[in-house]
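Below, each chain spelled out in residue letters.
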Amino acid sequence: MVVGLALAASACGGEAADPTAAVPAASASSAQLNPNADLSKQSVAISVWPGYTPEDLPAKVKAKLGLDLKVALHDTNEIIMAKLTAGSDTGFDVAFVSGQYAQALNEAGLLEPIHPELIPNLANLYPEAKELAYDKGNTFSVPYTWGTTGICYRSDLVKTPPTSWNDILNPPAEALKKVTMMTTERWLALPAIKALGYSVNTRSEDEIAKVKAKLLEAKPKLLGYDDTTFGDKLKSGEAVMVEAWDGWCPTTEKNIKFVVPKEGSDLWVDTMVVLKTSKNKEAAHAFINYILDPEIHGWAAETILYKVPNKAAMDSIDPALKAANAPLQMTPSQLLEGESIVDLGEDSVKFTRLATEVSAK
């Protein structure tokens, strides 16, 4: 999960999708791909978050697949979504976007369906990776990383370990003004949503109003809102409890722990998608297949400390690293206990408005 994942799916247009309904299948008018295509005559251009793939990935791809890889960077989902939905060919073949954004792109008809016969390394994925609510069966996206959100805290600076989202929203005396929450829309709302027993994908105006009230009540008790430096604040002791994505909780540091609150949390997924405008679709699929190689995919878990939905890759991780980093120990079944974040279409503006009103007051 990368900073700035506020849901802007309404930029794709279309009516709001029902999160309980089956995700629409990708367009049946997809290209007929040649499994024997000469990849040396193709190239691949990708857009990905900074630091999310190895720096030498182009050289590795050239050596393995014989094709040129061009890498562009986007800091947030919103930035790449704006480019992909602008109505012209961006020149990208593959984009890394979070699951609900992949769903929005597919609903807008902008994605090439995944051709599994060209990605044999899909077999490396956990079975649970095909059960993701935004794209059951991986029909238009391939998961790259996945995780959840919880409370990251200093076990030496809080008297009682946190167990509830209410510990963030109404912190104990020793944690007053030493707690941070996230700024991005769906994650700003998450603690209050779960504390109130609502769905992370709620569309109810009444429920969102109650979420807003709870967030405003909590605001004076916070140190602030922070999506990027909460780990540093914990290390220095400026903060003692923070809302955090699991991979960004620095649990390898002494006295820093991570917990999923008893009310439950989310399941977020970052994915790879092939653009319908791509002129290198065979090479794009070959690239995704290469990423799913256990050695390459395992880099993400070992370097950025995010779990990957690749069993072979996770099995290859240094046991000492896994033992020192509690979030890496979470199993797919534990992750799937979290509620998948899905595209809310036009209803996403409700969360945009919520975040704006809470942060502005």
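Residues numbered from 1 in each chain as written. Predicted model: local features only at pLDDT ≥ 70, side-chain atom pairs only at ≥ 80, totals over all residues. Heavy atoms only, no water.

**Q** Help me understand the packing of helix H5 (residues 185–195) against helix H13 (residues 348–360) in this model?
**A** To characterise two packed helices, one gives the angle between the axes of the helices and the distance between these axes. It is at 9 Å that the axes of H5 and H13 come closest, and there the two elements cross at 80°. Compared by their axis directions, H5 and H13 come out roughly perpendicular. Two secondary-structure elements touch here, H5 through Glu185, Arg186, Leu188, Ala189 and Ile193 and H13 through Ser348, Phe351, Thr352, Leu354, Ala355 and Val358. Its residues assigned to classes, the contact of H5 with H13 comprises seven nonpolar, two polar and two charged. (Axes fitted to C-alpha atoms, helices over the stretch in contact; angles between N-to-C directions. Helix = DSSP H or I, 4+ residues; strand = E, 2+ residues; numbered from the N terminus. Parallel < 35°, antiparallel > 145°, perpendicular 65-115°, else oblique. Contact = heavy atoms within 4.5 Å. Nonpolar A, V, L, I, M, F, W, Y, C, P; charged D, E, K, R; others polar.)

**Q** Help me understand the pairing of strand S11 (residues 266–275) in this model?
**A** Two faces belong to every sheet, and in a regular strand the side chains alternate between them. With 10 of 10 residues buried, S11 lies mostly within the body of the structure. Residues Asp266, Trp268, Asp270, Met272 and Val274 point to one face of S11 and Leu267, Val269, Thr271, Val273 and Leu275 to the other, with burial holding for every one of them. Of the pairings in the sheet, the one linking strand S3 (residues 94–98) to S11 comprises five bridges and is antiparallel in character. Paired with Ala95 across the two strands is Val273, which belongs to S11. Pairing analysis gives five bridges linking strand S5 (residues 142–147) to S11, with the strands arranged antiparallel. By the bridge assignment, Gly147 is partnered in S11 with Trp268. (Buried < 20%, exposed > 50% of the residue type's maximum accessible area, 1.4 Å probe, protein only. Pairing = 2+ DSSP bridges.)

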